[in-house]
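As a plain string of letters, each chain reads:
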Amino acid sequence: MHEAAKQLGVTPRTLRFYEEKGLISPYKAAENNYRSYSDEDLIRLRWIISLRELGMTVSAIQDALAVLHAPDAFIRKVDGARALLYEQWITATKSLQALDETILAWQRNGRAELTQAESAAEEMKQNRVERASWTDQWNYDKMALSYGYKAPIVTLEGVLSVEQYNQALLKTAEWLDPRVDELGLELGAGSGNLSVLLASTGARLTLIEQSAEMLAILRERLPQIDAKQGNLLALPLAAQSYSFIGCSFAMHHLTPSQQLLALEEMDRVLVNGGRLVLTGLMVHPDDNQLNATLTYLPAKWTPSSASELASWLEGRGYLTVTDRLDPVTGLLYASKP
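First, a word on scope: everything that follows refers to the structure included in this document. For clarity, every value in this text was computed on a predicted model and none was experimentally measured. For every chain, the first residue of its written sequence is number 1, and the numbers climb from 1 along that sequence. Given that the model is predicted, a residue must reach a pLDDT of at least 70 before its local features are reported, and side-chain atom pairs must reach 80 or more before they are shown or counted; all residues, however, enter totals for whole chains, interfaces and linings. Just so you know, side-chain values use all the structure's heavy atoms and leave hydrogens and water out.

This brings us to helix 11 (residues 212-221). Among all positions in helix 11, only A212, M214, L215, I217 and L218 are buried. Only heavy atoms matter for contacts: two residues are in contact if any of them lie within 4.5 Å across the pair. Helix and strand assignments follow DSSP, with helices taken as H or I runs no shorter than four residues and strands as E runs no shorter than two, numbered in order from the N terminus. In this structure, the buried side of helix 11 is in contact with helix 5 (71-109), helix 7 (140-147), helix 8 (151-155), helix 10 (193-199), strand 4 (204-209) and strand 5 (226-229). For each residue, the accessible area found with a 1.4 Å probe, counting protein chains only, is set against the maximum for its type, and the residue is called buried under 20%, exposed over 50%, and partly exposed in between.

In structure tokens, the structure reads:
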């Protein structure tokens, strides 16, 4: 054990820990329990040590190593761990921001007020609960396996025709108007139907999709594009990174409060002067016929309120334009100051 630990640059205690957690099972001599590490064991330990240094949990490493023989599955596991790390980072960043604001308020008042700390803590708690409460209730992994790139269209059957769906994607790309080599982001990319349109402009795209099976379709369909696993409430991306953001037929999978959290994440990663386009099922306060139509949507779908989303954005200095594309689909364009 000591020889292996020295070779790997770790302590014997570290190797014992990995053995206790079931990550490694070296040969043990019956007479003295002396451990002998094979070349295969040492390679596995190198993987374990590297992934731990990269921030992965023991359980995530165990899951990933179980499919190490299958590169695509292994990358998916690591990608999922990366998304979780970003969620934790975003939560920690927001906690630090809230703590800084609380301390600043105390300094201004010349005393530490418990009520201010409680108020900041409650807000953080609500945000954390909202971010953690989202789950894929529609089983998009199964949809992807059953229908491939047509899965998003299948989910909208009875609500939107194929022609209306395709026209909405074309309008989204038209409003975004990507330029060659411009850094862009698509959220809830699904199987890549909008992605194909945006990629054809020569823009440098990053795609975010929560479903591992949808992500597999994306990577097969657009192998040159950077596709990452993540969801709209905790984007696994650095701040101020993209010149444009597109999102089509994804927001209705979020509650109204979660939709505002998603806007907050979009605002975080969009550069100043950037633009975003949200296309999907939208309620317009002055259109009673449309609103009546949307009452017949499947359960657990929440059409976006065009006015509420626009109000949130305008409150942060965005210029917004809304457009109704068909009886159930709306488009919101916003330009960041």
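Having seen it, we continue.
Opposite charge on two side chains lets them pair, provided their charged atoms get close. What counts as a salt bridge is simple: a side-chain nitrogen of Lys or Arg found within 4 Å of a carboxyl oxygen of Asp or Glu. Going through the model one piece at a time under the given rule, you end up with 12 salt bridges. Notably, a salt bridge pairs K228 with D226, separated by 3.1 Å at the nearest N-O pair. Exposure remark for K228: the relative accessible area of 15% places this residue in the buried category. By sharing partners, the salt bridges in this structure join E19, K28 and R35 into a single network.

With that settled, consider the layout of surface pockets. One number sums up the size of the largest pocket: a volume of about 340 Å³. In this analysis, the protein atoms alone were mapped onto a 1 Å grid. Cavities are point sets where a 1.4 Å probe fits without being able to get out; pockets are open sets with protein on both sides within 12 Å along at least five of seven lines; lining residues have an atom within 4 Å of a point. Taken together, 15 residues line the largest pocket, and the ones lying closest to its centre are K94, Q97, E123, M124 and E264. For the lining of the largest pocket, the secondary structure elements donating two or more residues are helix 5, helix 6 (114-132) and helix 12 (256-269). Among the elements that take part in the lining of the largest pocket, helix 5 stands out by supplying seven residues, more than any other. The nonpolar class holds Ala, Val, Leu, Ile, Met, Phe, Trp, Tyr, Cys and Pro. Asp, Glu, Lys and Arg form the charged class, and all remaining residues, Gly among them, are polar. Of the residues assigned to the lining of the largest pocket, the class counts are six nonpolar, four polar and five charged. By volume, the second largest pocket is sized at about 290 Å³. Grid points are joined across faces, edges and corners, and a volume is the space filled by probe spheres set on the points.

Here the focus is empty space enclosed by the protein. Counted according to the given criterion, the structure contains three cavities of 30 Å³ or more. When its volume is computed, the largest cavity comes out at roughly 400 Å³. Lining the largest cavity are 29 residues, with G188, E209, F249, A250 and H253 positioned closest to its centre. Secondary-structure elements contributing two or more residues to the lining of the largest cavity are helix 8, helix 9 (162-176), helix 10 and strand 4. Here the lining of the largest cavity is composed, by residue class, of 16 nonpolar, 11 polar and two charged.

Before going further, it helps to spend a moment on the environment of T255. Among the structural elements, T255 can be located in the loop between strand 6 (242-248) and helix 12. Given the relative accessible area of 33%, T255 is considered partly exposed. Placed 121 residues apart in sequence, T255 and W134 show a C-alpha to C-alpha distance of 8.8 Å. When sequence neighbours within four positions are dropped, the list of residues in contact with T255 reads E130 and T302.

Like charges are joined within 9 Å and nonpolar side chains (Val, Leu, Ile, Met, Phe, Trp, Tyr) within 5 Å, but only among residues with over 30% relative accessible area and no salt bridge; these make up the patches. Only the protein chains shown count as cover for residues, and all accessible areas are computed by the Shrake-Rupley method using a 1.4 Å probe. A cluster of nonpolar side chains, contributed by I43, W47 and L68, occupies part of the molecular surface with about 250 Å² of accessible area. Inspection of the secondary structure puts W47 in helix 3 (residues 39-53).

Turning to the side chain of K336, a few remarks are in order. Secondary-structure assignment places K336 in the segment after strand 10 (329-335). Contacts described as polar in this section are N or O atom pairs within 3.5 Å, which, within protein, must combine one atom able to donate a hydrogen with one able to accept it, while residues neighboring in sequence count only if both atoms come from side chains. Among the polar contacts made by the side chain of K336, one reaches the main-chain carbonyl oxygen of L270 at a distance of 2.7 Å. With sequence-adjacent residues up to four places away left out, K336 is seen in contact with Q240, D267, L270, V271, N272, G273, G274 and Y318.

None of the figures reported here should be taken as evidence of function without further support.
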